[in-house]
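Below, each chain spelled out in residue letters.
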Amino acid sequence: MVGRDPWVRDVRRTERPAGHVVFFPHVGGAATYFTPFAPHFPADVDLSAVQYPGRQERMGEPFVTTVEGLADRLAVSLRPYADGPVPLVLFGHSMGASVAFETLARLTAAGAATRCHLVVSGRAAPSAQRRDDAFPRTDQDILRHLADVGGTEAEIVRNPELMELLLPVIRNDYHAVDLYWPTAHTVVDTPLLCLTGEQDARVSQEQAAAWKAHTAREFRLKSFDGGHFFLNDHREDVARLVADCVGLAPRPED
């Protein structure tokens, strides 16, 4: 087993895993967001989640201010898992999809992605991102945006004390995503599954389908009823699809 690393928090580990899924959180998100997904995965799948600096037990650590900077550091942390004996699935939602993609691109360049798979969720493909798709910059805009996309519980958004703690994290993440303009022609040599919400105002079906251009291997696209955080209402189906990436569960009917 790989030693403890503050960048990668265990969600559930097994003695003899058949595969390993690592989750990458969204803007303002933390590793614990993915805990409710664990019961829906097969029992022989290891589950971990990335913990970005500046939140939860890493609250006192300085932020990483770019998507590329996060990927640089996470490629180091995930290299032992990528070199391990079982398939590794990188699953990122929203901002996490960009971080996962960039991390996998670095692992690919290092020749360490032969057993890797990529799942992106709630994010436009790098070649389909629009320059006019600006993210909120003022605190008022941030609060409004959080309420619109539904990624943060309404009680938290309305709690001034909690938001005082969370806003610096969210500001940093939005800034990192706003600065991120990837190379449109980057391709990873791993299978890629894209999940998207049919009513997601931030990601059109065309922008989601454009991920096909970023893999040299098998591409699958699955749409769900719902908005940007559709996965909250489809945890069982999402877990089954992700596990299916490495043959760990029967493929559901699309």
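This text gives an overview of the structure that appears in the document. Please read these numbers as outputs of a predicted model, since none were measured by experiment.

**Considering the overall build of the protein chain**
Per the secondary structure count, the protein chain includes seven helices and seven strands. Sequence-ordered secondary structure for the protein chain, helices as α and strands as β, is β-β-β-α-β-α-β-α-α-α-β-α-β-α. Among the 254 residues that make up the protein chain, the fraction classed as buried is 54%. The contacts in the protein chain between residues at least 6 apart in sequence include a share of 80% that link residues at least 24 apart. Surface accessibility of the protein chain: about 11,300 Å² in total, with carbon and sulfur atoms responsible for 51%.

**Here we look at the pairing of strand β2 (residues 19-24)**
The buried fraction of β2 is high, at six of six residues. Judged by which residues are buried, β2 turns out to be covered on both faces: Gly19, Val21 and Phe23 on one side and His20, Val22 and Phe24 on the other are all buried. Here β2 pairs with strand β3 (residues 45-50) via five bridges, running parallel. Considered in β3, the bridge of histidine 20 is made with aspartate 46. With five bridges connecting them, β2 and strand β4 (residues 88-93) associate as parallel partners. The residue of β4 that forms the bridge with phenylalanine 23 is phenylalanine 91.

**Structural notes on the pairing of strand β6 (residues 192-197)**
The buried fraction of β6 amounts to six of the six residues, a majority that puts the element mostly inside the structure. With burial as the criterion, each face of β6 is covered, one bearing Leu192, Cys194 and Thr196 and the other bearing Leu193, Leu195 and Gly197. As judged from the four bridges shared by strand β5 (residues 116-121) and β6, these two strands associate in the parallel manner. Opposite serine 121, over in β6, you have leucine 195 as the bridge partner.

**Some remarks on the nonpolar core**
The tendency in soluble globular proteins is for nonpolar side chains to be buried as a group. Ranked by internal contacts, the top residues of the largest apolar core, which has 48 residues, are Phe24, Tyr52, Val99, Leu118 and Trp211. Every element with two or more residues in this core is listed here: β2, α1 (67-82), β4, α2 (95-109), β5, α3 (139-149), α5 (160-179) and β6. Looking at which element gives the most residues to this core, the answer is α2, with eight residues. In this structure valine 99 touches Phe24, Tyr52, Val67, Leu70, Ala71 and Leu74, once residues within four positions along its chain are discounted.

**Regarding the pattern of salt bridges**
For the coordinates displayed, the defined rule picks out 11 salt bridges. Linking arginine 13 and aspartate 10 is a salt bridge whose minimum nitrogen-to-oxygen distance equals 2.9 Å. A salt bridge links arginine 106 to aspartate 72; its shortest N-O distance comes to 2.5 Å. Taken together, the residues span a long stretch of sequence, with arginine 106 in helix α2 and aspartate 72 in helix α1 at a distance of 34 residues. By relative accessible area, aspartate 72 is classed as partly exposed at 44%. Put simply, Asp10, Arg13 and Asp46 are held in one network by salt bridges that share partners.

**Comments concerning α1**
At valine 76, α1 shows its maximal bend, which comes to roughly 35°, and the proline proline 80 appears one to four places after that position. Here α1 has its buried residues at Val67, Leu70, Ala71, Leu74, Ala75, Ser77, Leu78, Tyr81 and Ala82.

**Some remarks on the packing of aromatic side chains**
Geometry of an aromatic ring pair is reported as the spacing of the ring centres plus the angle between the planes. The full count for this structure, using the stated rule, is 11 aromatic pairs. Each ring, one from phenylalanine 23 and one from phenylalanine 37, has its centre 6.3 Å from the other, and the planes form 40°; the classification is tilted. Taken together, the residues span a long stretch of sequence, with phenylalanine 23 in strand β2 and phenylalanine 37 in the loop between β2 and β3 at a distance of 14 residues. Accessibility expressed as a relative area gives 0% for phenylalanine 23, which makes it buried. The class for phenylalanine 37 is buried, based on a relative accessible area of 0%. Ring geometry for phenylalanine 23 and phenylalanine 41: centres 6.0 Å apart, planes at 75°, overall edge-to-face. Here phenylalanine 23, found in strand β2, pairs with phenylalanine 41, found in the loop between β2 and β3; they are 18 residues apart in sequence, far enough to count as distant. Taken together through their ring pairs, the aromatic side chains of Phe23, Tyr33, Phe34, Phe37, Phe41, Phe91 and Phe229 make up a single cluster.

**Overview of the sheet that holds β6**
The seven strands are arranged β1-β3-β2-β4-β5-β6-β7 in an open sheet whose pairing can be described as mixed. In this open sheet, the two edge strands, each paired with only one partner strand, are β1 (8-12) and β7 (219-224). For this sheet the average axis-to-axis angle between neighbouring strands, irrespective of direction, equals 20°. Relative to β5, β4 is paired through six bridges, and the arrangement is parallel. Pairing of glycine 92 across the sheet is with valine 120, part of β5.

The rules we used
Residues numbered from 1 in each chain as written. Predicted model: local features only at pLDDT ≥ 70, side-chain atom pairs only at ≥ 80, totals over all residues. Heavy atoms only, no water. Helix = DSSP H or I, 4+ residues; strand = E, 2+ residues; numbered from the N terminus. Buried < 20%, exposed > 50% of the residue type's maximum accessible area, 1.4 Å probe, protein only. Contact = heavy atoms within 4.5 Å. Areas by Shrake-Rupley, 256 points an atom, 1.4 Å probe, with all protein chains shown as cover. Pairing = 2+ DSSP bridges. Core = buried A, V, L, I, M, F, W, Y, C linked by side-chain atoms within 4.5 Å. Salt bridge = Lys/Arg side-chain N within 4 Å of Asp/Glu carboxyl O. Bend = angle between axes of the 7 residues up to and from the residue. Phe/Tyr/Trp six-rings, centres within 6.5 Å; stacked < 30°, edge-to-face > 60°. Axes fitted to C-alpha atoms, helices over the stretch in contact; angles between N-to-C directions.

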